[in-house]
Amino acid sequence: MKTLSERLRHHFASADVAAAGRLSIAQVSCPRVGRVRATVRGPGDAEHEVELELAAHRKGGMTLESRCTSPEGRAGRPCAALAAVLAEVDRRGLLAGIPPQPPVALDVVADETVAEAEPEPA
């Protein structure tokens with residue numbers, strides 16, 4: 001059976017997956033079922049906050065919505081901090097109740113202030 005991070009690995013650049021192994025998880029909490037909050041510490045003691053929320057669809061499948069304070073995460077892209085948190089979630093079994101059959105989509109939510117600052121392509 002594939003873990004959650006294995007099921008979502010295709011969303012990440014291989015460099016981000018490799019960099020995730022060099023990050024440390026400073027704090028992880030699961031305030032309610034299907035929700036995870038984590039603080040990730042990287043090189044130079046830079047810290048990033050990551051939030052995950054799992055939602056089931058009525059007709060099958062699930063969406064894992066994430067928010068991250070890293071530059072990539074704020075722009076709505078998967079990043080090393082998110083990959084590190086997914087690996088830690090798997091290690092701790094925090095979202096272990098996800099059945100292996102339904103598809104899980106990853107939605108990295110962009111920070112609205114970043115989206116407003118970037119000009120739209122012509």
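Residue positions are counted from 1 within each chain, in the order its sequence is given. Side-chain atom pairs in this predicted model are given and counted only at pLDDT of 80 or more, local residue features only at pLDDT of at least 70, and totals for whole chains, interfaces and linings cover all residues. Water and hydrogen atoms were dropped before computing side-chain values, which therefore reflect all heavy atoms in the structure.

**Comments concerning the overall build of the protein chain**
Selection criterion: Secondary structure counts use DSSP, requiring at least four H or I residues in a row for a helix and at least two E residues in a row for a strand, with both numbered from the N terminus. Residue contacts are defined here by distance: any two heavy atoms, one from each residue, within 4.5 Å place the two residues in contact. Accessible surface area values rest on a Shrake-Rupley calculation with a 1.4 Å probe, where residue burial reflects the displayed protein chains alone. Positive: Lys, Arg. Negative: Asp, Glu. His and the chain ends are not part of the count. For this purpose, a charge sits on NZ of Lys, CZ of Arg, CG of Asp or CD of Glu.
When its secondary structure is counted, the protein chain shows 5 helices and 5 strands. Projected onto the principal axes, the alpha-carbon positions of the protein chain cover approximately 40 × 35 × 30 Å. A separation of at least 24 residues holds for 55% of the contacts in the protein chain among residues at least 6 apart in sequence. When the accessible surface of the protein chain is totalled, it reaches about 7,500 Å², and 50% of it is carbon and sulfur. Distance between charge centres in the protein chain, computed from 15 positive and 17 negative side chains, equals 8 Å.

**What about the environment of Gly61?**
Heads up, the rule is: Each residue is assigned to one of three classes by its accessible area relative to the maximum for its type, calculated with a 1.4 Å probe on protein chains only: buried under 20%, partly exposed between the two thresholds, exposed over 50%.
Summarising the element assignment, Gly61 is placed in the loop between strand E3 (47–56) and strand E4 (62–68). Owing to a relative accessible area of 9%, Gly61 belongs among the buried residues under this scheme. Once residues within four sequence positions are removed from consideration, Gly61 is found in contact with Ala56, Pro102 and Pro103.

**Re the nonpolar core**
Rules: In these notes, a set of buried Ala, Val, Leu, Ile, Met, Phe, Trp, Tyr and Cys residues joined through side-chain atoms within 4.5 Å is what counts as a nonpolar core.
In terms of nonpolar packing, the biggest core is built from 27 residues, with Leu4, Val50, Leu52, Leu64, Leu82 and Leu86 touching the most fellow members. Within the residue set of this core, elements represented by two or more residues are helix H1 (4–8), strand E2 (35–41), E3, E4, helix H4 (80–92) and strand E5 (104–108). Discounting chain neighbours no more than four positions away, the residues touching Leu4 are Leu64, Leu86, Asp90, Leu95, Ile98 and Val104.

**Section: H4**
The criterion, for reference: Any helix carries an expected span of 1.5 Å times its number of residues minus one.
An ideal rise of 1.5 Å per residue puts 18 Å on 13 residues; H4 measures up with 18 Å between its terminal C-alpha atoms. Listing the buried residues of H4 in full gives Ala80, Ala81, Leu82, Ala83, Ala84, Val85, Leu86, Glu88 and Val89. Of the residues flanking the end of H4, it is Gly93, one or two places downstream, whose phi is positive at about 70 degrees.

**Considering the pairing of E4**
Remember that side chains alternate between the two faces of the sheet whenever the strand is regular. What counts here: Only strands joined by at least two bridges in the DSSP assignment are considered to pair.
In terms of burial, E4 is a largely internal element, 5 of the 7 residues being buried. In this sheet, E4 lies alongside E3 in antiparallel orientation, the contact comprising 7 bridges. Within E4, the position partnered with Val50 by the bridge is Cys68. Where E3 folds back on E4, the antiparallel hairpin that results is connected by 5 residues, among which Gly60 adopts a positive phi of roughly 105 degrees. Direction of pairing for E4 relative to E5: parallel, over a ladder of 5 bridges. Bridging from a neighbouring strand, Thr63 pairs with Ala105 of E5.

**A look at the pairing of strand E1 (residues 24–32)**
Judged from the 6 bridges that link them, E1 and E2 form a sheet pairing that is antiparallel. What sits directly across from Arg32, in E2, is Arg35. Remark: 2 residues form the turn of the hairpin made by E1 and E2, two consecutive strands paired antiparallel; Gly34 in that turn has positive phi of roughly 85 degrees.

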